[in-house]
Amino acid sequence: MSIPRETIEQIRDRSRIEEIVKNYVPTLQKRGRNYLGLCPFHKEKTPSFTVSPEKQIFYCFGCHTGGNVFSFISKMERLNFPESVRFLGNLVGIQVHEDRKDEGTEKREYLLKINRYAMNLYHKCLKSDESRGAMEYALGRGLSAESIDEFKLGFAPDAWDFLIRHLQNKKVSLATASDAALVIPSKNREGGGYYDRFRGRLMFPIFNIAGDVIAFGGRILGSGEPKYLNSPEYELFSKSSVLYGLHAAREHIIDMQRAIIVEGYLDVIGCHQNGIRNVVAPLGTALTEQQVNVLSRYCREIILLFDADSAGIKASLRSLDIVDTKNVDVRVAMLPDGDPFEYITQKGAREFMSVVDSSIGPVDFKIKRVLAESGNIDPLKVLFLLFDVIKDVRYETERTRYLKKVSSLLNMDEHSVSSDYEKFVRGLREPKHYSAETEKAPEKEGFLVRSYRELLAIILLYPEMTEQAVIDFSADEITDPVTKNVFTMITSLYSEGKAVSVDIMFDYFPTGDENSLLETILAKNFESINYKDAYTEIYINIKLFNINIKIERYVELIRNSRDNDTREYLTEVEVLRRDKEKLLSYMHQKH
Ligand SMILES: [Zn+2]
């Protein structure tokens, strides 16, 4: 962070969150200890947006958005953390002077600069006379001149040193250009040296959310392999969290509260140039969890729109497995023919949108696919394929609804279908080999993750518990990386003698999974609990849990060991059993 910590604290001290929020939420009114109003982040008629002046936080029970005063500004004004600090500083009359930049920031800025230089160079090249062939190709594919400018498409000529010569003229270090994945160190050529990564390709710059170009996708002109060449991952570029076209689509996604996901770069541009602008694409074939997280901050609905060919369907089904549990509504639509680019270019935006609007839920989509592919297969086999889809539905009422639907689709008796389903599920549970243990493991893991997260909530909402928690627990024992990161931050702040509270944590985790975890913690602020008892209960649960795991491990060791090791293990188990007794008797005293 390049803004001095003291300045951030001064600005925080001077900004009362309830007053800052009131500027944006005129309906905000005092209700008991808190303020309540209509949420500015989602449409609602009854207020569920809450501000706690005591804790200096806000939380919406409708859309689960929350944070401190800086996150509020960051979300309202769509600024990153340092920008929100500066914005709020201006509002309350505190000037922000930046620290000298650290080496990491300087390097990142240099990498961005090289990428920007390469983008402009390729773009200029595409528009030059020498590249007439490439331009004809792009226009021939149906790209408009406006789109080529808006998405800054370019052309990398078929040469080993086109970019390199320009970088050398600009005295840019080729080693750094290689860090930016634009040139490649050569192994065979004499005297070392580098060569251009992208040659003879139409270039699609890939932007981060701030609108900086960080990577490229290069499409070969005509035939050849690979059809698309993407920059490999490096310091600034991680494929799994970037979405193509998001810099152009974000405002529209927020406006529409809906994101349309297509497969390719051309599909994104085709939609934008036909006036459908809330469209993005993942950089591989399937959507990743991080990408869904990014989108879920901007909208409540994601529509996966896929080509009529089977690769697209498989990709979408893979995506659905990730998306299923997230805090967004996911729907799936499939084009009757062609890819989105061809479809919207030939049939126009209206017809395209009618396909989007005919989207269905993921389970309905999977059921439809099974039926479409079943052809002449034995109906009973089809039924089992459908059971396999239905078993992943989380709620029983939903499962019942789908079973009913399936029986009517297959023209089968509803009760027999239900009882067959029960048998099918029981069959899955039957232990195969050692599977009883391995199947229970994730459930155990889940219990531990929940317990540590509850612990975090208590520490952050009741800071007087911090000291006790830092003594009782250590970050090393936490396996869930998100919880671990937050806990590590708590211990390091505590050891530096700094205040620990939930609002401050948002400064350290302005985005990402840690930020989402902090948001869920805010919801608990408005529940009244006896936090000391809750802490003791979590403490006992976690300790008992870990002791039981250790005992199981020793029992396993004893079972597989030779006699002379056994005694040592038995002693360990005895010690653990005594610890367990102590905890259990403590628990019984309490109740
Ligand atoms: Zn809301």
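Our subject is the structure listed above.
Residues numbered from 1 in each chain as written. Predicted model: local features only at pLDDT ≥ 70, side-chain atom pairs only at ≥ 80, totals over all residues. Heavy atoms only, no water.

(A) Structural context of the overall build of the protein chain. Each helix and strand in the protein chain was counted, giving 25 helices and 15 strands. C-alpha extents for the protein chain along the principal axes are approximately 85 × 75 × 65 Å. Of all intrachain contacts in the protein chain linking residues separated by at least 6 positions in sequence, the fraction that spans at least 24 positions is 64%. For the protein chain, the accessible area works out to roughly 31100 Å², and carbon and sulfur atoms hold 50% of it. Here the protein chain carries 80 positive and 87 negative side-chain charges, and the mean point of each set is 1 Å from the other. (Helix = DSSP H or I, 4+ residues; strand = E, 2+ residues; numbered from the N terminus. Contact = heavy atoms within 4.5 Å. Areas by Shrake-Rupley, 256 points an atom, 1.4 Å probe, with all protein chains shown as cover. Lys, Arg positive; Asp, Glu negative; His and termini not counted. Charge placed at Lys NZ, Arg CZ, Asp CG, Glu CD.)

(B) Spatial organisation of the coordination of the zinc ion. Only Cys39 (SG), His42 (ND1), Cys60 (SG) and Cys63 (SG) from the protein coordinate the zinc ion, and they sit 2.1 to 2.3 Å from it. Taken together, the 4 donor atoms surrounding the zinc ion define angles of 101 to 116° at the centre, an arrangement classified as tetrahedral. A relative accessible area of 5% places Cys63 in the buried class. (Donors = N, O, S within 2.8 Å, 3.2 Å for Na, K, Ca; no water. Tetrahedral: all angles 85-135°; square planar, octahedral: opposite > 155°, others 65-115°. Buried < 20%, exposed > 50% of the residue type's maximum accessible area, 1.4 Å probe, protein only.)

(C) Just the sheet that holds strand S9 (residues 201-207), in detail. In space, the 4 strands of this open sheet follow the order S6-S9-S10-S11, with antiparallel pairing throughout. Two strands close off the open sheet at either side, each with one partner strand: strand S6 (154-156) and strand S11 (228-230). Geometrically, the sheet is characterised by an average inter-axis angle of 35° between neighbouring strands, direction not taken into account. For S9 and strand S10 (residues 213-220), the ladder comprises 7 bridges, and the chain directions are antiparallel. Looking at the pairing, Phe207 lines up with Val213 of S10. Where helix H11 (residues 265-273) meets the sheet, it contacts S9, S10 and S11, and its direction lies at approximately 75° from that of S9. (Pairing = 2+ DSSP bridges. Axes fitted to C-alpha atoms, helices over the stretch in contact; angles between N-to-C directions.)

(D) How the structure looks around the pattern of salt bridges. Applying the stated criterion to the full structure yields 23 salt bridges. Of the charged contacts, one joins Arg165 and Asp161 as a salt bridge, the two residues approaching to 3.7 Å between their closest N and O atoms. Taking relative accessible area as the criterion, Arg165 reaches 42% and is therefore assigned partly exposed. Among the residues examined, Asp161 registers a relative accessible area of 32% and is labelled partly exposed. Through salt bridges that share partners, Arg5, Glu9, Arg12, Asp503 and Asp507 make up one connected network. (Salt bridge = Lys/Arg side-chain N within 4 Å of Asp/Glu carboxyl O.)

(E) Structural detail: the sheet that holds strand S4 (residues 57-60). An order of S1-S2-S3-S4-S5 is seen for the 5 strands of this open sheet, with the pairing classed as antiparallel. The sheet terminates laterally at strand S1 (29-31) and strand S5 (66-67), the two strands that pair on one side only. The pairing of S1 with strand S2 (residues 34-37) spans 3 bridges and is antiparallel. Considered in S2, the bridge of Arg31 is made with Asn34. Sheet strands touched by helix H2 (residues 17-24): S2, strand S3 (49-52), S4 and S5. Its angle to S3, the strand with the most contacts, is close to 150°.

(F) Expanded view of helix H24 (residues 531-560). In a regular helix each residue adds 1.5 Å, so 30 residues correspond to 44 Å; H24 covers 44 Å between its end C-alpha atoms and thus fits that length. Three or more residues of H24 are buried, namely Tyr531, Tyr535, Thr536, Ile538, Ile540, Ile542, Lys543, Leu544, Phe545, Ile547 and Ile551. Two or three places before Lys532, at the start of H24, stands the capping residue Asn530, its side-chain oxygen 3.3 Å from that residue's backbone nitrogen. (Expected span 1.5 Å × (residues − 1). Polar contact = N/O pair within 3.5 Å; in protein donor to acceptor, adjacent residues only side chain to side chain.)

(G) Here's a closer look at the environment of Ile20. By secondary structure assignment, the location of Ile20 is in helix H2. With 49 residues separating them along the chain, Ile20 and Val69 place their C-alpha atoms 7.6 Å apart.

(H) Representation of the pairing of strand S12 (residues 258-261) within the structure. With burial as the criterion, each face of S12 is covered, one bearing Arg258 and Ile260 and the other bearing Ala259 and Ile261. Summarising the sheet, S12 and strand S14 (residues 301-306) pair through 4 bridges and their orientation is parallel. By the bridge assignment, Arg258 is partnered in S14 with Glu301. The pairing of S12 with strand S13 (residues 279-280) spans 2 bridges and is classified as parallel. Considered in S13, the bridge of Ile260 is made with Val279. In this view, the connection linking S12 to its parallel neighbour S13 by way of H11 has right-handed handedness. (Right-handed = clockwise from strand over helix to strand, strands pointing away.)

(I) Highlighting unusual backbone geometry. Of the consecutive residues Glu225 and Pro226, the connecting peptide bond is found in the cis state with omega at -15°. Along the chain, Pro226 turns up in the loop between S10 and S11. With a phi close to 55°, Gln56 is a non-glycine residue in the positive phi region. One can find Gln56 in the loop between S3 and S4. For Gln56, a relative accessible area of 13% corresponds to the buried category. Although it is not a glycine, His64 adopts a positive phi angle of roughly 60°.

(J) Layout of the packing of aromatic side chains. Under the criterion given, the structure shown has 29 aromatic pairs. Judged by centre distance (6.4 Å) and plane angle (85°), the ring pair of Phe473 and Tyr535 falls under edge-to-face. Of the two residues, Phe473 sits in the loop between helix H20 (466-472) and helix H21 (481-495) while Tyr535 sits in helix H24, which places them 62 residues apart along the sequence. Each member of the pair, Phe473 as well as Tyr535, is classed as buried. Here Lys55 stacks its cationic end above the ring of Tyr462, 5.4 Å away from the centre of that ring. (Phe/Tyr/Trp six-rings, centres within 6.5 Å; stacked < 30°, edge-to-face > 60°. Lys NZ or Arg CZ within 6 Å of the ring centre and 35° of its normal.)

(K) A look at the packing of H2 against helix H3 (residues 69-77). Taken N-terminus to C-terminus, the directions of H2 and H3 make an angle of 15°; their axes are 10 Å apart at the nearest point. Accordingly, the angle class assigned to the pair H2 and H3 is roughly parallel. For the element pair H2 and H3, the recorded crossing hand is left-handed. In this structure, H2 uses Ile17, Ile20, Val21 and Tyr24 to contact H3, whose residues at the interface are Val69, Phe72, Ile73, Met76 and Glu77. Across the contact of H2 with H3, the residue classes break down as 8 nonpolar, no polar and 1 charged. (Parallel < 35°, antiparallel > 145°, perpendicular 65-115°, else oblique. Left-handed = near helix turned anticlockwise from the far one by under 90°. Nonpolar A, V, L, I, M, F, W, Y, C, P; charged D, E, K, R; others polar.)

(L) View of the nonpolar core. Counting residues in each nonpolar core, the largest one holds 67 residues, and the members touching the most others are Tyr122, Leu153, Phe216, Tyr244, Leu305 and Phe352. Considering every element that reaches this core, the biggest residue donor is helix H5 (residues 103-126), with 9 residues. When we break this core down by domain, the ones giving at least three residues each are domain 2 (103-237) and domain 3 (241-359). Other than its neighbours up to four places away in sequence, Tyr244 contacts Phe151, Leu153, Phe204, Pro205, Ile206, Tyr265, Val268, Ile269, Val280, Ala281 and Leu283. Counting residues in each nonpolar core, the second largest holds 37 residues, with Ile57, Phe487, Leu522 and Ala523 among its members. (Core = buried A, V, L, I, M, F, W, Y, C linked by side-chain atoms within 4.5 Å. Domains from an automatic or database assignment.)

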